[in-house]
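Listed here are the chains, written in short residue letters.
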Amino acid sequence: MTENPKPVLSEDPNAGLAAPIMDLMAAGVIAVIALWMLAESLRLSVPGAITTAPGLLPFITSASLLIMAVILGANALARRRVADAKSDRIELPADFRRTLFLGAILVVYLLGLQFLPVEAAITIASVRFVIGAFEVTTLVVLTAILRFYWQAALWACFAVTFGWLAFLSVVFRTVFQVPLP
Amino acid sequence: MIDAFLHVLSPTLLLVSLGGVVLGIIWGALPGLSTTMAMMLLIGLSSGLSLDVALAFMLGVYNGSSFGGAVSAVLINIPGTPDSIPTMLEGYPLAKQGKGGEALGLAITASFLGNWVGILLLVACMPVILAIALNFKSWEMFLLAVIGISICGTMSSGSLPLKGWITGWLGMLAAFVGYDAIHGVARFTYDVPALYDGISYVAILIGMFGLTEVMRSLPEQGGSPLPEKIGRTTPSIGILLRYMPSAFRSGLIGMITGAIPGAGANIAAFLAYDIGRRRAKPEEKAKWGKGSYEGIVCAEVANNANMGGSILPTLTLGIPGSAPAAALMAALQMKNVVLGPTVEVDQPGLVAVIYALLIVANIMTWFAALALIKPCVKLFMLPRELLLTLIIPICVIGAYAVRNEMSDVWVMLGAAFIGYAFHIFRFPPAPVVLGVILAPLADENFRRALLLFDNKGFDFFAQQYVGHALVLIVFAVFIEGMLRERRTRKIAAEVAR
């Protein structure tokens, strides 16, 4: 007789059991991180007593994380034994490829911000406006993202990006004096 | 307190608070944009503001977006924020009956009442908690940090606390990077200068709660439906008076859940809704699920009272009660404001200013919400893809503005990828917040406590009664979590068979 599953209140409804193979993969990655941090915390120097060693809490944290990873992995293995092939496969969101593409664009965006050597200034009505890598890269990348995901006309994507960028640039660079990349 | 009110009633702070409230309501009303996301983005952006202005703006946004989720929940059957799902269950059927305006009016007034319950209980409980907390020394502070992270893990991950604890522990490990506070030894820096000051937790929070949400929601296809006729938005005080006992019970539930780290507005709203349905009179019970005013009152009062509750441990113990409260704490830390038992001594007047700002924001939310319902409806016509794309440069600015370092922007992107992986592998991201924020506190106090216990003998250790009680709580949290987890696995195994 199956016990009637009583829903448990959770702040994050998505959190919970994944497919056993996915939990096993996650346990593996977490165990590697824990082992790495465990080894690194042992390598840290101990200037005073062992009780005040800089690596003490990182060591305890890594060790307990390793135990948690082992429990997660062991439970995933136990679930794999009874799970059928259909419920034990990697589940990816339906739009995963579109997300990967977005991730790639974001990497390109940050590379542009980091390496594009742009620095110019224009003065309109005695107010100095700075144009840097942020303005140039954001204009190009945001227009591209809008064109791909919003699918509006290119001029509309460009106009929206330009207006938003001008607003952000003026508010942060000129009004709040916050430096931008 | 009067001084604080006079200070807050200055035109600048009133205007900033109103701006925050308006932005918060609009933000909360737009599906896919959560309160947590708004607060995380504001951490970096508040770096250019003075302390008072930053507080007024953030508390305004927090207040406004706590209500804003109800607008889309009632009108288009899509919860603007996750805590407005119970409101949606009751509000949308009412909207279909042509009573959408009435339902929203009731939600506004219930939110207003919920905030008052939260604020009053906050004011009443603060001196008591502070008096207790002032007796906490290093050992107790360390244990409190551990309790905060582990309870957050339990509450975030519901049926599977292990996953919540794992993400909390990963957050702690990330916070250990950089020079340690006692000996000045560089930990896990690998001679990379950008790591000497540690990993910016603001960048982690913006990445994990801002950019991850963009990565999750932007590629999804499909838009929001447009609402039907709303009808007149009336404040519905008469209906609220009819459900006063339910409102006060829900306010108390919201406040208590808010004070528990990790248990935020979502749990508050669902718990109050569930208890409300069980305790409803038979004639009222028949309406639940088909458009119950009492259901809206329970959910809205609870998720708004939750705000006062989550601010209580944040101010008194330095342990955030929820992810938005953690963002508030992070913004204050950037201004060298350390929250905890000595907050009244270190920052005289700050707590009173926070009370005053909460009250002002609450009153403004009531008026602004009534005025903004119809313009908000027009915003539903804006494509979600457009809105989410425009958030990307705000994430970049927020991460960069803290230390003017591009490395922080890369950390934010890395955190966004990890946050997305958490989503796929069904790990909760909220405990990471507690982990990165509380790890330095735990580390410093743990070693200080061990130094204090050194050579003092067993008698000294045995006399740490508060500490022992806290150790018992730590054990209780883990044992309860493990039992819950065992139950979940057993059920999953039986279902698989």
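All residue numbers refer to position in the chain's written sequence, counted from 1. Each chain gets a letter, beginning with A, and each ligand a number, beginning with 1, in the order they are written. For this predicted model, a pLDDT threshold of at least 70 governs which residues receive local features, and a threshold of 80 or more governs which side-chain atom pairs are given and counted, while totals over whole chains, interfaces and linings are taken from all residues. Excluding hydrogens and water, the side-chain values take into account all heavy atoms of the structure.

**What about the overall build of chain A?**
- Each helix is a run of H or I in the DSSP string that is no shorter than four residues. Each strand is a run of E no shorter than two, and both are numbered from the N terminus. For chain A, the count of helices and strands is 5 helices and 2 strands.
- Along chain A, helices and strands appear, N-terminal first, in the series α-α-α-β-β-α-α.
- Radius of gyration means the value over C-alpha atoms here, while the globule rule gives 2.2 Å times the residue count to the 0.38 power. Its C-alpha atoms give chain A a radius of gyration of 25 Å, clearly above 16 Å, the size a compact globule of 181 residues would have.
- Viewed in the frame of its principal axes, chain A has a C-alpha envelope of about 75 × 55 × 30 Å.
- Each residue's exposure class comes from its accessible area (1.4 Å probe, protein chains only) as a fraction of the maximum for that residue type: buried when under 20%, exposed when over 50%, partly exposed otherwise. Here chain A holds 181 residues, and the buried ones make up 43% of them.
- Long-range pairs, those at least 24 residues apart, make up 57% of the contacts in chain A between residues at least 6 apart in sequence.
- In short, Shrake-Rupley with a 1.4 Å probe defines the accessible areas, and a residue's cover is counted only from the protein chains shown. If you sum the accessible surface of chain A, you get close to 9,800 Å²; carbon and sulfur atoms cover 70% of it. Residue contacts are counted whenever heavy atoms from the two residues lie within 4.5 Å of one another.

**Side note on the interface of chain A and chain B**
- Contact with chain A, which involves 79 residues of that partner, is made by 83 residues of chain B.
- Accessible-area loss on putting two parts together, using a 1.4 Å probe and summing over both, is the definition of buried area adopted here. The contact between chain A and chain B buries some 7,600 Å² in all, and 75% of this surface belongs to carbon and sulfur atoms.
- The rule for a salt bridge is simple: a side-chain nitrogen of Lys or Arg has to be within 4 Å of a carboxyl oxygen of Asp or Glu. Put simply, chain A and chain B have 1 salt bridge between them.
- The residue B:Lys163 makes a salt bridge to A:Asp23 at a minimum N-O spacing of 2.6 Å.
- The term polar contact refers here to a pair of N or O atoms within 3.5 Å; inside protein, the definition further demands a hydrogen-donor-capable atom paired with an acceptor-capable atom, and it admits residues adjacent in sequence only when both atoms are side-chain atoms. Across the contact surface, chain A and chain B share 16 residue pairs in polar contact (both at pLDDT 80 or more).
- Every element with two or more residues in the side of chain A that touches chain B is listed here: α1 (20-43), α2 (56-82), α3 (96-115), α4 (133-150) and α5 (154-175) of chain A.
- In terms of residue count, the dominant contributor to the side of chain A that touches chain B is α2(A) (14 residues).
- Among the residues making up the side of chain A that touches chain B, the classes are represented as 53 nonpolar, 17 polar and 9 charged. Just so you know the grouping, Ala, Val, Leu, Ile, Met, Phe, Trp, Tyr, Cys and Pro go in nonpolar, Asp, Glu, Lys and Arg go in charged, and all remaining residues, Gly too, go in polar.

**Re the nonpolar core**
- Within the largest apolar cluster, 211 residues are counted, with the highest numbers of intra-cluster contacts made by A:Tyr109, B:Phe67, B:Val71, B:Ile166, B:Leu211, B:Ile391 and B:Met412.
- Among residues more than four places away in sequence, those in contact with B:Ile166 are A:Ile30, A:Leu65, A:Met68, A:Leu72 and B:Phe427. The criterion is simple. A nonpolar core is a set of buried Ala, Val, Leu, Ile, Met, Phe, Trp, Tyr and Cys residues joined through side-chain atoms within 4.5 Å.

**Quick notes on empty space enclosed by the protein**
Residue and element names in this part refer to chain B.
- The distinction between a cavity and a pocket rests on a 1 Å grid over the protein atoms alone: a 1.4 Å probe fits inside a cavity but cannot get out, while a pocket stays open yet meets protein on both sides within 12 Å along at least five of seven lines, and a residue with an atom within 4 Å of a point counts as lining. Grid points are joined across faces, edges and corners, and a volume is the space filled by probe spheres set on the points. Applying the stated rule across the entire model yields 2 cavities of 30 Å³ or more.
- When its volume is computed, the second largest cavity comes out at roughly 40 Å³.
- What lines the second largest cavity is simply Lys-137, Ser-138, Trp-139, Glu-140, Ala-449, Leu-452, Phe-453 and Gln-464.
- Here the lining of the second largest cavity is built from residues that sort into 4 nonpolar, 2 polar and 2 charged.

**Concerning the pairing of strand β1 (residues 119-124) of chain A**
Residue and element names in this part refer to chain A.
- In this sheet, strand β2 (residues 127-132) lies alongside β1 in antiparallel orientation, the contact comprising 6 bridges. Along β2, the bridge assignment pairs Ile-122 with Phe-129.
- Between the end of β1 and the start of β2, which pair antiparallel, lie 2 residues, with Ala-125 showing a positive phi angle near 50 degrees. Only strands joined by at least two bridges in the DSSP assignment are considered to pair.

**Quick word on the packing of aromatic side chains**
All names here are of chain B.
- Stacked, edge-to-face and tilted are the three classes for Phe, Tyr and Trp ring pairs, Trp counted by its six-membered ring, which pair at centre distances within 6.5 Å; planes under 30 degrees apart are stacked, over 60 edge-to-face, the rest tilted. If you walk through the whole model with that rule in mind, you get 17 aromatic pairs over all chains.
- Ring geometry for Phe-112 versus Trp-116: centroids 6.4 Å apart, planes at 90 degrees, classification edge-to-face. Residue Phe-112 and its partner Trp-116 are both found in helix α6 (residues 100-133); the two are separated by 4 residues, about one turn of the helix.
- Members of the aromatic cluster, connected to one another through ring pairs, are Phe-112, Trp-116, Trp-366 and Phe-367.
- Positioned above the aromatic ring of Phe-427, the side-chain terminus of Lys-163 is 4.7 Å from the ring centre. Only lysine NZ and arginine CZ atoms are considered, and such an atom sits over a ring when it is within 6 Å of the ring centre and within 35 degrees of the ring normal.

**A short note on the environment of B:Trp366**
- Within the secondary structure, B:Trp366 is located in helix α18 (residues 350-379).
- When the C-alpha atoms of B:Trp366 and B:Ile26 are compared, they prove to be 14 Å apart, with 340 residues separating the residues in sequence.

**Quick word on a nonpolar patch on the surface**
All names here are of chain A.
- Taken together, the side chains of Leu-116, Ile-122, Ile-124, Ile-131, Val-136 and Val-140 present a nonpolar region at the surface, about 460 Å² in accessible area.
- Breaking the nonpolar patch down by element, the ones donating at least two residues are β1 and α4.
- Tracing the backbone through its elements, the reader meets Ile-122 in strand β1.
- Note on Ile-122: relative accessible area 41%, which makes it partly exposed. Grouping into patches uses exposed residues only, defined as over 30% relative accessible area, and leaves out salt-bridged ones; the cut-off is 9 Å for like charges and 5 Å for nonpolar side chains (Val, Leu, Ile, Met, Phe, Trp, Tyr).

**Remarks on the environment of B:Ser250**
Residue and element names in this part refer to chain B.
- In this structure, Ser-250 sits in helix α12 (residues 244-259).
- For Ser-250, a relative accessible area of 0% puts it in the buried group.
- For Ser-250 and Cys-376, which are 126 residues apart along the polypeptide, the C-alpha to C-alpha distance reads 27 Å.
- In this structure, Ser-250 is in contact with Ala-272, Cys-298, Val-301 and Ala-302, ignoring residues within four places of it in sequence.

**Observations regarding the confidence of the model for chain A**
- Per-residue pLDDT for chain A has a mean of 86; in total, 94% of the residues score no lower than 70.
- Note on residues 1-5 of chain A: pLDDT is under 50 here. Beyond four places in sequence and across chains, it has 6 contacts. What pLDDT expresses is the predictor's confidence in each residue, scored from 0 to 100.

**Notes on the pattern of salt bridges**
Residues and elements named next belong to chain B.
- As enumerated under the stated definition, the model contains 14 salt bridges over all chains in all.
- Arg-187 is the salt-bridge partner of Asp-443, the closest N and O atoms lying 2.8 Å from each other. Note that Asp-443 is positioned in helix α21 (residues 430-453) and Arg-187 in strand β2 (residues 186-187), a separation of 256 residues in sequence.
- With relative accessibility at 3%, the residue Asp-443 sits in the buried group.
- Because the salt bridges share partners, they merge into one network encompassing Asp-180, Arg-187, Asp-443 and Arg-447.

**Considering helix α7 (residues 138-157) of chain B**
Residues and elements named next belong to chain B.
- Compared with an ideal rise of 1.5 Å per residue, which puts 20 residues at 28 Å, α7 spans 29 Å between its outermost C-alpha atoms and is within 8% of the ideal.
- Burial analysis of α7 places 20 of its 20 residues in the buried class, which makes it a mostly covered element.
- Of the residues trailing α7, Gly-158 is marked for its positive phi of about 45 degrees. For a helix, the expected span equals 1.5 Å multiplied by the residue count minus one.

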